[in-house]
Amino acid sequence: MRIGLDIGGTKIDAVAVDDALASRAPVHRVRLASGYGADEVVGNAVEAVRHLAALTGVPPQALDSIGVGVPGVVDPATGRVAHAVNLGLVDVPLGDELARRVGAPVRVENDVNAAALGAWHALGLQGSAAYLNLGTGLAAGLVLDGRLRRGAHGAAGEIGHVPVDPAGAWCACGQRGCLETVASGSAAARLWPTTALHPARALLDAAATGDHAALRARAVLVDGVAQAVRLLALTVDVQTVVVGGGLSALGDDLMGPVRDALADQGAASSFIASLELASRLVLLPAGLPAAAMGAALAGTPADPVPVAAAG
Ligand SMILES: [Zn+2]
């Protein structure tokens with residue numbers, strides 16, 4: 001039995017899975033508030049592990065693995081987490097701290113990488129796949145030939161910070177016109193200023209009425225997502241692009257126009273058309289806890305990546 005925690009900005013999604021996700025679904029699942037700051041976040045993570053251990057009847061020390069997916073800059077070799085701004089984690093030895101409290105080794109992984117690994121196993125994918133997270137920001141996790149690709153500095157798949165518009169909006173990363181500034185939840189909020197709780201939903205609803213400003217804003221968002229898909233295909237040529245994150249809840253209202261945008265790219269280029277980009281898109285099934293499931297597999301035989309990755 002393995003336990004995986006996805007520590008998000010507001011909640012911890014925690015699952016217990018059987019070995020190598022053979023059943024492709026969690027055996028148990030619990031959700032708790034994340035809290036803020038190292039003390040609260042670690043305390044709530046300990047609580048989640050204990051809760052799941054009690055449900056499975058396996059004490060934490062006897063679990064096959066415990067993994068954590070968390071936003072921010074993660075060193076999987078040491079379990080240190082930095083710059084997880086929404087959780088108030090500046091530079092925290094999360095893996096060591098959690099391991100000491102639960103009495104078992106803990107692996108820590110970037111949340112998007114964890115989701116990529118989880119989606120690959122849960123959806124029964126073969127070969128190479130990318131998980132494209134359209135959340136507040138935009139990032140991709142890469143599973144190439146069945147193995148998570150972190151890259152030399154853990155930045156593999158950080159395509160949200162590829163500049164695509166020299167005259168575009170400034171990005172939090174310090175560059176201008178990053179892909180994330182046109183294709184993400186925060187991009188939707190910037191493109192379609194509204195008091196609605198879900199700006200992207202409000203944007204698509206307005207576009208559906210034929211509102212010209214909304215149609216223009218939707219085109220920017222949709223073209224940005226299509227650019228992300230094309231970028232993944234042209235750099236690592238994955239068979240499957242699994243779309244997840246908050247914007248994936250828009251379902252075909254978003255993916256329909258994205259497929260049309262990919263078809264438009266192909267209309268101008270027989271080379272791009274030959275790549276059949278639209279056919280590679282898959283929506284992450286609603287409610288599938290991919291990041292928590294992937295965290296449970298991080299560092300296990302299902303993720304056979306050497307531990308000593310960082311220097
Ligand atoms: Zn950026």
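From a predicted model like this one, the values you see are computed outputs, not experimental measurements. Within each chain, residues carry numbers counting from 1 in the order of the written sequence. Reporting in this predicted model follows two pLDDT cut-offs: at least 70 for local features of residues, and 80 or more for side-chain atom pairs to be given and counted; totals over whole chains, interfaces and linings ignore these cut-offs and use all residues. Side-chain descriptors were evaluated using all non-hydrogen atoms of the structure, hydrogens and water having been removed beforehand.

Undergrad: Break down the overall build of the protein chain for me, with residues and values.
TA: The secondary structure content of the protein chain amounts to nine helices and 13 strands. Taking 19 Å as the expected radius of gyration for a compact globule of 311 residues, we find that the protein chain reaches 19 Å, a close match to that expectation. The dimensions of the protein chain, computed from C-alpha atoms along their principal axes, are 60 × 40 × 35 Å. The classification of residues rests on relative accessible area computed with a 1.4 Å probe and restricted to protein chains. Under 20% of the type maximum is buried, over 50% is exposed, and intermediate values are partly exposed. Every one of the 311 residues in the protein chain was classed for burial, and the buried ones make up 51%. Residue pairs at least 24 apart in sequence account for 60% of intrachain contacts in the protein chain once pairs closer than 6 positions are excluded. Accessible surface computed for the protein chain: about 13500 Å², of which carbon and sulfur atoms make up 54%. Think of it this way: any DSSP run of H or I at least four residues long counts as a helix, any run of E at least two long counts as a strand, and we number them from the N terminus. The reference for a compact globule is 2.2 Å times residues^0.38; the radius of gyration itself is calculated from the C-alpha atoms. The contact rule is simple, with two residues in contact once any of their heavy atoms fall within 4.5 Å. Here the open area of atoms and residues is found with the Shrake-Rupley method and a 1.4 Å probe, where only the protein chains shown may cover a residue.

Undergrad: Break down the packing of helix H1 (residues 38-56) against helix H2 (residues 94-102) for me, citing the residues and quoting the values.
TA: To get an axis, a line is fitted to the C-alpha atoms, and for a helix only the part in contact is used. The angle between two axes follows their N-to-C directions and goes from 0 to 180 degrees. Viewed as axis vectors pointing N to C, H1 and H2 meet at an angle of 50 degrees, and their least axial separation amounts to 10 Å. Taken together, the axes of H1 and H2 lie oblique to each other. Relative to H2, the crossing made by H1 is right-handed. Contacts from Val42, Gly43, Ala45, Val46, Val49 and Arg50 in H1 reach Leu94, Glu97, Leu98, Arg101 and Val102 in H2. Of the residues that constitute the contact of H1 with H2, the class distribution is seven nonpolar, one polar and three charged. By definition in this entry, angles of less than 35 degrees are roughly parallel, angles greater than 145 are roughly antiparallel, angles of 65 to 115 are roughly perpendicular, and the rest are oblique. Here is the rule for handedness: rotate from the far helix to the near one, and if that takes an anticlockwise turn smaller than a right angle the crossing is left-handed, while a clockwise turn gives right-handed. Ten residue types, Ala, Val, Leu, Ile, Met, Phe, Trp, Tyr, Cys and Pro, are classed as nonpolar, four, Asp, Glu, Lys and Arg, as charged, and the remainder, Gly among them, as polar.

Undergrad: If you had to explain the sheet that holds strand E6 (residues 80-84) to someone new, which residues and values would you point to?
TA: On the basis of which strands lie adjacent, the open sheet formed by three strands has the order E5-E6-E7 and antiparallel pairing. If you trace the sheet from one side to the other, it starts and ends with strand E5 (73-75) and strand E7 (89-92), each paired once. For this sheet, the mean inter-axis angle between neighbouring strands, taken without regard to orientation, is 10 degrees. Bridging between E6 and E7 involves three bridges; their strand directions are antiparallel. From the neighbouring strand, Ala82 faces E7, where its bridge partner is Asp91. Only strands that DSSP links by at least two bridges are regarded as paired with each other.

Undergrad: Can you explain the side chain of Thr181? Please cite residues and give values.
TA: One can find Thr181 in the loop between strand E11 (147-149) and helix H4 (185-191). For Thr181, a relative accessible area of 9% gives the class buried. Contact partners of Thr181, with chain neighbours within four places excluded, come to Ala169, Trp170, Cys171, Ala187 and Arg190.

Undergrad: Lay out the pattern of salt bridges with the relevant residues and their values.
TA: Throughout this description, the term salt bridge denotes a Lys or Arg side-chain nitrogen within 4 Å of a carboxyl oxygen of Asp or Glu. Under the defined criterion, the tally for this structure stands at eight salt bridges. A salt bridge links Arg201 to Asp253, with the nearest nitrogen and oxygen atoms 2.7 Å apart. Of this pair, Arg201 sits in helix H5 (residues 199-208) while Asp253 sits in helix H7 (residues 252-268); the two residues are 52 residues apart in sequence, bridging distant segments of the chain. In this structure Arg201 comes out as partly exposed when scored by relative accessible area, which is 27%. A residue is classified by how much of its surface remains accessible, and Asp253, at 42% relative accessible area, is partly exposed. Between Arg280 and Asp237 there is a salt bridge; the shortest N-O distance is 2.9 Å. Here Arg280 is found in the loop between helix H8 (270-274) and strand E13 (281-283), whereas its partner Asp237 is found in the loop between helix H6 (212-235) and strand E12 (240-244), with 43 residues between them in sequence. Using a relative accessible area of 46% as the deciding quantity, one classes Asp237 as partly exposed. Each of the salt bridges in this network shares a partner with another, and the network as a whole consists of Arg201, Asp205 and Asp253.

Undergrad: Outline the environment of Leu5, supporting the account with residue identities and numerical values.
TA: Structurally, the position occupied by Leu5 is in strand E1 (residues 2-7). Taking the C-alpha atoms as reference points, Leu5 and Leu231, separated by 226 residues in sequence, lie 30 Å from one another. With near-sequence residues (within four places) excluded, Leu5 lies in contact with Ile12, Asp13, Ala14, Ala45, Ala48, Val49, Gly67, Val68, Gly69, Ala292 and Ala295.

Undergrad: Any details on unusual backbone geometry? Residues and values, ideally.
TA: You will see that His83, though not glycine, has its phi angle at about 60 degrees, which is positive. The residue His83 is located in strand E6 in this model. Look at Glu276: it is not a glycine, yet its phi comes out positive at around 50 degrees. Examined against the element boundaries, Glu276 turns out to sit in the loop between H8 and E13.

Undergrad: Give a description of the confidence of the model for the protein chain that names residues and reports values.
TA: The predicted coordinates ought not to be read in detail in places where the model reports low pLDDT. Summary of the metric used: pLDDT quantifies the predictor's per-residue confidence within the range 0 to 100. On average, the protein chain scores 93 in pLDDT, and the residues at 70 or more come to 97%. Segment residues 305-311 is flagged for pLDDT under 50; beyond a separation of four residues in sequence, or across chains, it makes nine contacts in the model.

Undergrad: Report on the sheet that holds E13, specifying residues and quantitative values.
TA: Backbone-to-backbone hydrogen bonds pair the strands of a sheet. The strands run either parallel or antiparallel. Overall, mixed pairing links the five strands, which are arranged E11-E10-E9-E12-E13 in an open sheet. Each end of this open sheet is capped by a strand with a single partner; those strands are E11 and E13. Geometrically, the sheet is characterised by an average inter-axis angle of 30 degrees between neighbouring strands, direction not taken into account. Both strand E10 (residues 138-144) and E11 contribute to a ladder of three bridges, which runs antiparallel. Note that in E11 the partner of Leu144 across the bridge is Arg147. Contacts from helix H3 (residues 111-122) reach strand E9 (129-134), E10, E11 and E12, with the element oriented near 45 degrees to E10. Sheet strands touched by H7: E9, E12 and E13. Its angle to E13, the strand with the most contacts, is close to 175 degrees.

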